[in-house]
Amino acid sequence: MRPSGRNVSEMRPVSIETGVTKHAEGSCLIKCGDTHVLCTATIDERVPPFLKNSGLGWVTAEYGMLPRATNTRMRREAKNGQSGRTQEIQRLIGRALRAGVDRVALGERQITVDCDVIQADGGTRCASITGGWVALRLAVNKLMKTGEVISDPLVDPVAAVSCGIYAGQPVLDLDYPEDSEAGVDGNFIMLGSGPLIEVQMSAEGSVFSRGQMDELLDLAEKGVSELVAAQKAATA
């Protein structure tokens, strides 16, 4: 039995509220169970120097956790410097989102997606990617509405979900009690149409077989399809 009472293939409740900030070109608050992340997208009509005059756009991301996102207060990273974990996660979010972008169609501009974890209960990077795509979608919609972008540069939704082996069973969408005790922990990032963007898997208490890996992938496909449906409903 999972601590939450969910069955092995059941997601936590997911909600995505859009337009939650006044100034950002795209914003949403995504809630995956008790993990809540504020995602905003900002358009900049410049690109990093290495892309200047290339005709290519760029999507990048920043990630952070508020001091009381967890059960004990963390030190504020803006004051003390980013941890290696934070840097790794924001690079993951950026490259995941870029996998669904036609950078030629985006034009020579940059969109920065900020993901701020308000409350953490496992799966913060997955919620950030899923909500980050919604914020990105809304920002691109504004570019298309004004005619600054003619062809839609977002070729496919991008979403992510965690899967792992808890108490000997492959399970979908780990919350913190499961994540902290899982024998195997993984994050699956996928395009809405099915192809994988990235898989992060590690044996944290026990090794896993090829068959178990296939079971986790099947669970991830189910979870991502549900997340993509929620993304599309939020941005319709």
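Residues numbered from 1 in each chain as written. Predicted model: local features only at pLDDT ≥ 70, side-chain atom pairs only at ≥ 80, totals over all residues. Heavy atoms only, no water.

**A closer look at the sheet that holds strand β8 (residues 184-191)**
So, step 1. The strand order across the open sheet formed by four strands is β7-β6-β8-β9, and the pairing between neighbours is antiparallel. With partners counted over all chains shown, the strands left at the sheet margins are β7 (169-172) and β9 (196-203), one partner each. Ignoring strand direction, the axes of neighbouring strands in this sheet form an average angle of 15°.
So, step 2. The sheet contact formed by strand β6 (residues 158-166) and β8 spans eight bridges and is antiparallel. Residue pairing in the sheet places Cys163 in a bridge with Gly186 of β8.
So, step 3. With respect to the sheet, helix α2 (residues 84-98) is in contact with β6, β8 and β9, its orientation differing from that of β9 by roughly 150°. (Pairing = 2+ DSSP bridges. Helix = DSSP H or I, 4+ residues; strand = E, 2+ residues; numbered from the N terminus. Axes fitted to C-alpha atoms, helices over the stretch in contact; angles between N-to-C directions. Contact = heavy atoms within 4.5 Å.)

**Focus on unusual backbone geometry**
So, step 1. The residue Asn53 is not glycine, and still its phi comes out positive at about 65°.
So, step 2. Mapped onto the fold, Asn53 is located in the loop between β3 (35-44) and β4 (58-65).
So, step 3. Of note, the phi angle at Ala167 is positive, near 50°, even though the residue is not glycine.
So, step 4. Residue position: Ala167 is located in the loop between β6 and β7.
So, step 5. When its relative accessible area of 71% is taken as the criterion, Ala167 is described as exposed. (Buried < 20%, exposed > 50% of the residue type's maximum accessible area, 1.4 Å probe, protein only.)

**Re the nonpolar core**
So, step 1. Counting 42 residues, the largest nonpolar core has Ile93, Leu97, Ile111, Ile129, Leu136 and Val158 as the members making the most contacts within it.
So, step 2. Elements with a contribution of two residues or more to this core: β2 (26-32), β3, β4, α2, β5 (110-119), α4 (124-145), β6 and β8.
So, step 3. The dominant element in this core, judged by the number of residues it contributes, is α4, at 11 residues.
So, step 4. Contacts of Leu97, omitting those with residues within four sequence positions, involve Val59, Val113, Ile129, Gly132, Trp133, Leu136 and Val158.
So, step 5. With 15 residues, the next largest nonpolar core counts Leu172, Leu219, Val224 and Val228 among its residues. (Core = buried A, V, L, I, M, F, W, Y, C linked by side-chain atoms within 4.5 Å.)

**Description of the packing of α4 against helix α6 (residues 210-235)**
So, step 1. Where α4 meets α6, the axes come as close as 10 Å, and the angle between the chain directions of the two elements is 30°. Our classification of the angle between α4 and α6 gives roughly parallel. Here α4 and α6 pass one another in a crossing that is right-handed. On α6, the residues touching Thr130, Trp133, Val134, Arg137 and Leu138 of α4 are Leu227, Gln231 and Thr235.
So, step 2. Of the residues belonging to the contact of α4 with α6, the class tally is four nonpolar, three polar and one charged. (Parallel < 35°, antiparallel > 145°, perpendicular 65-115°, else oblique. Left-handed = near helix turned anticlockwise from the far one by under 90°. Nonpolar A, V, L, I, M, F, W, Y, C, P; charged D, E, K, R; others polar.)

**Description of the packing of aromatic side chains**
So, step 1. Evaluated as defined, the whole model comprises one aromatic pair.
So, step 2. With 5.4 Å between their ring centres and 85° between their planes, Phe50 and Trp58 make a pair best called edge-to-face.
So, step 3. One Lys or Arg, Arg98, reaches over the ring of Trp58 and ends 4.0 Å from the middle of that ring. (Phe/Tyr/Trp six-rings, centres within 6.5 Å; stacked < 30°, edge-to-face > 60°. Lys NZ or Arg CZ within 6 Å of the ring centre and 35° of its normal.)

**Some thoughts on the sheet that holds β2**
So, step 1. Strand order in the open sheet made by the five strands is β1-β2-β3-β5-β4, with mixed pairing throughout. A single partner strand is all that each edge strand has here, and the edge strands are β1 (14-18) and β4. For this sheet the average axis-to-axis angle between neighbouring strands, irrespective of direction, equals 20°.
So, step 2. Pairing of β2 with β3 involves seven bridges; the strand directions are antiparallel. By the bridge assignment, Ser27 is partnered in β3 with Thr40.
So, step 3. Contacting β4 and β5, α2 crosses the sheet at an angle of about 145° to β4.

Everything listed is a geometric property; what it means functionally is a separate question.
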